[in-house]
Amino acid sequence: MTTTLIPDGLRTRVRKAERMLIGDDWVEAAGGETLDVEDPSTGEVIAKVAAGGAEDVDRAVRAARAALTGPWWHITPQERGRLLWRLAELVEQHAQELAELESLDVGMPINEARFVDVPFSVDILRYYAGWPTKITGDTIPVSFPRNVGGPYHAYTVREPVGVVGAIVPWNLPLMMAVKKLAPALATGNTVVVKPAEQTPLSIARLGELVLEAGIPEGVFNYVSGYGDAAGAALVEHPGVNKITFTGSVATGKAIARAATGTLKRVSLELGGKSPNVIFADADVEAAIASAGTAIFACQGESCVAGSRLYAHRSVYDDVVAGLADRARGIRLGRGLDPSTEMGPMISAEHRKKVLGYVELGRHEGAEVVAGGESWGERGHFVQPTVMTNVRPDSRVAREEIFGPVLSVFPFDTEEEVLRLANDSTFGLGAGVWTSDVRRAHRFAAAVESGQVWVNCYQAVDAALPFGGYKHSGWGRETCKENLDEYLELKTVVVAL
């Protein structure tokens, strides 16, 4: 295992992440298995973490169940809110350290981790910290005949669903874990987190901060391991009441099928192939800058990346030229280097997949006007790529690439581009650039997408619902509506 490029303090944190948290114990996998964690910027193995399986998941679920019916059950809503706020303070205090773990583990530029990923995680925790005292029921008038046992007093109560299994992806592991942890804890549930096998490091540190915040042992547990072992065991475990998953459509479908055995609740935040539309009357310069960020931020490894760009034919050439220039000017490098603007793909396998789509596009007649190749002598880098002449019915245009690959299409009319934007199995995000307010509202009303951004892209907030239509998933995250997915609604009727 090579760690020569890791600063000493960070190396210590990496070593501490090699065990799992079950209750308040940091443990190895029951079977003693480990898995390798790479620095995707170099391809070097930086840690050997526990590869948990069914026995470890069972231990974690039992710990979560004990906390649910024990100390956590007796904590008041106000105290739950204070504990979440305290956790937010700790995450904020350790922001640089968490950002370094994310950057090392995922490959993302340290500035993205420090100024986007970690602060938004803090915002989410603080948003949900305000909710525990506001989760209420209703008093409901009853019309059942009074002469049949009445009169009646009826009311509803909202109760935690129970033990939540949270399966977290590798692209933004800290933020994605917090998106699931915060509403689960705000509503009184306990949690077992299964991080992606590629990126467990920041989740381990989050577990330490949960305990430091004073949240009782067993409320937060995490089991690292492979999806077909630890992930599958979590989905199938009869002691888990809900699964919340972020990841691929194929895995989401498999989870939905597996969860039917125990009829547990499932929420899914899946993929996207998001359209971004620039009309002739738009601020084209601002649209080009935003469109570049929409696809190249997070190395393009974002479910809401603006990977399909539609530019009105009158501005199409300028848009293509501007984006090609931006792509060529992006500085690639190791995530921990503050001058890096885009990092590597998560793995050699994923780099091969992304470049395979570029080659497929070339084979189908597309033109690569910028990028399209691997970069550097080591690490899993792909150049920021802009493609034109992509067929709308091609795989490149229709499938989620999950990398820094942008397809640019011309259009002539509003009706045409709306049809093209909706011609997708996904519906997670969409952008529209125009100075015509009526057109903006028409487009926002007609496009089939969970989020629509007008003259901006990927403007997010902890209070805004995040989720999608069609194959982009079930349910919403980061909003008050999300709370219902973690609550049972009980009706109580009392004969007076």
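Looking up the protein in an unreviewed UniProt entry gives the name Aldehyde dehydrogenase family protein, with the organism given as Streptomyces viridiviolaceus. For the protein, the Sequence similarities (unreviewed entry) comment in UniProt is given as "Belongs to the aldehyde dehydrogenase family."

Student: Now, about the packing of aromatic side chains: what can you tell me, with residues and values included?
Tutor: Throughout the structure, instances matching the rule amount to nine aromatic pairs. Plain terms: the ring middles of F279 and F411 are 5.3 Å apart, the flat faces sit at 85° to each other, and that makes the pair edge-to-face. With F279 in the loop between β12 (275–278) and α11 (284–296) and F411 in strand β18 (residues 405–411), this residue pair connects regions lying 132 residues apart in the sequence. Of the two residues, F279 and F411, both sit in the buried class. The ring of W85 has R126 lying over it, and the distance from NZ or CZ to the ring centre is 5.1 Å.

Student: Summarise the UniProt feature "domain: Aldehyde dehydrogenase" (unreviewed entry) in the protein; cite the residues concerned and give the values.
Tutor: Taken from the UniProt record, the annotation "domain: Aldehyde dehydrogenase" (unreviewed entry) applies to residues 26–492. Span residues 26–492 is 39% helix and 21% strand, its end C-alpha atoms 42 Å apart.

Student: Lay out the packing of helix α5 (residues 95–106) against helix α8 (residues 201–212) with the relevant residues and their values.
Tutor: One can describe the packing of α5 onto α8 by two numbers: an axis separation of 8 Å at closest approach and a directional angle of 155°. It follows from the interaxial angle that α5 and α8 lie roughly antiparallel. Counted together, E97, L98, L101, E102, L104 and D105 of α5 and L201, S202, R205 and L209 of α8 form the full contact between these two elements. In the contact of α5 with α8, the residues fall into five nonpolar, one polar and four charged.

Student: Kindly report on α8, identifying the contributing residues and their values.
Tutor: For α8, with twelve residues, the first-to-last C-alpha span of 17 Å sits near the 16 Å given by 1.5 Å per residue. α8 sits mainly inside the fold: nine of its twelve residues count as buried.

Student: I'd like to hear about the sheet that holds strand β6 (residues 152–160), residue by residue, with values.
Tutor: Within a beta sheet, neighbouring strands are joined by backbone hydrogen bonds and run either parallel or antiparallel to one another. With antiparallel pairing, three strands are arranged side by side in an open sheet as β5-β6-β24. Only two strands of the sheet have a single neighbouring strand rather than two, namely β5 (139–140) and β24 (487–495). Sheet analysis places β6 next to β24, joined by nine bridges and oriented antiparallel. Of the residues in β24, the one forming a bridge with P160 is L487.

Student: Residues and numbers for the sheet that holds strand β21 (residues 451–454), please.
Tutor: Read across the open sheet, the seven strands follow the order β14-β17-β18-β13-β12-β20-β21; overall the sheet is mixed. In this open sheet, the two edge strands, each paired with only one partner strand, are β14 (367–370) and β21. Across the sheet, the axes of successive neighbouring strands diverge by a mean angle of 25°, strand direction being ignored. Across three bridges, β12 lies against strand β20 (residues 429–433) in parallel orientation. Within the sheet, the bridge partner assigned to N276 lies in β20 and is G431. Contacting β14, β17 (385–388) and β18, helix α13 (residues 348–363) crosses the sheet at an angle of about 25° to β17. Together, β12, β13 (308–312) and β18 form the strand contacts of helix α15 (residues 414–422), whose direction differs from that of β13 by roughly 175°.

Student: Give me the nonpolar core: which residues, what numbers.
Tutor: General note: in soluble globular proteins, nonpolar side chains tend to be found buried as a group. Residues L87, V91, L185, L206 and F220 are the most contacted members of the largest nonpolar core, which totals 71 residues. With ten residues, helix α7 (residues 173–186) is the single largest residue contributor to this core. Non-local contacts of L185, meaning those with residues more than four positions away in its chain, are made with W72, R80, L84, V191, I215 and V219. Membership of the second largest hydrophobic core comes to 29 residues, among which are A233, F245, V249 and V266.

Student: Talk me through the pairing of strand β8 (residues 190–194); I want residue IDs and the actual numbers.
Tutor: On a regular strand, each side chain points to the face opposite its neighbour's, so the side chains alternate between the two faces of the sheet. The element β8 is extensively covered by neighbouring structure, given that five of its five residues are classed as buried. On β8, burial covers both faces: T190, V192 and K194 on one face and V191 and V193 on the other are all buried. In the sheet, strand β7 (residues 163–167) pairs with β8 via five bridges, with the strands oriented parallel. Note that in β8 the partner of V163 across the bridge is T190. As paired strands, β8 and strand β9 (residues 220–222) are joined by three bridges and run parallel to one another. Residue pairing for β9: V191 is matched across the bridge by F220. After leaving β8, the chain enters α8 and then returns to the sheet as β9, a path that is right-handed.

Student: Could you give an account of the pairing of strand β4 (residues 44–50), with specific residues and numbers?
Tutor: By the criterion of burial, β4 is predominantly enclosed, with five of the seven residues buried. Note: strand β3 (residues 34–39) against β4, six bridges, orientation antiparallel. Among the inter-strand pairings, T34 is bridged to a residue of β4, identified as A50. In textbook terms, the turn of a hairpin is the stretch between consecutive antiparallel strands, and for β3 and β4 this stretch comprises four residues, one of which, G43, has a positive phi near 80°.

Quick notes on the rules
Residues numbered from 1 in each chain as written. Predicted model: local features only at pLDDT ≥ 70, side-chain atom pairs only at ≥ 80, totals over all residues. Heavy atoms only, no water. UniProt positions renumbered as here; feature names shortened; annotations may be inferred. Phe/Tyr/Trp six-rings, centres within 6.5 Å; stacked < 30°, edge-to-face > 60°. Helix = DSSP H or I, 4+ residues; strand = E, 2+ residues; numbered from the N terminus. Buried < 20%, exposed > 50% of the residue type's maximum accessible area, 1.4 Å probe, protein only. Lys NZ or Arg CZ within 6 Å of the ring centre and 35° of its normal. Axes fitted to C-alpha atoms, helices over the stretch in contact; angles between N-to-C directions. Parallel < 35°, antiparallel > 145°, perpendicular 65-115°, else oblique. Contact = heavy atoms within 4.5 Å. Nonpolar A, V, L, I, M, F, W, Y, C, P; charged D, E, K, R; others polar. Expected span 1.5 Å × (residues − 1). Pairing = 2+ DSSP bridges. Core = buried A, V, L, I, M, F, W, Y, C linked by side-chain atoms within 4.5 Å. Right-handed = clockwise from strand over helix to strand, strands pointing away.

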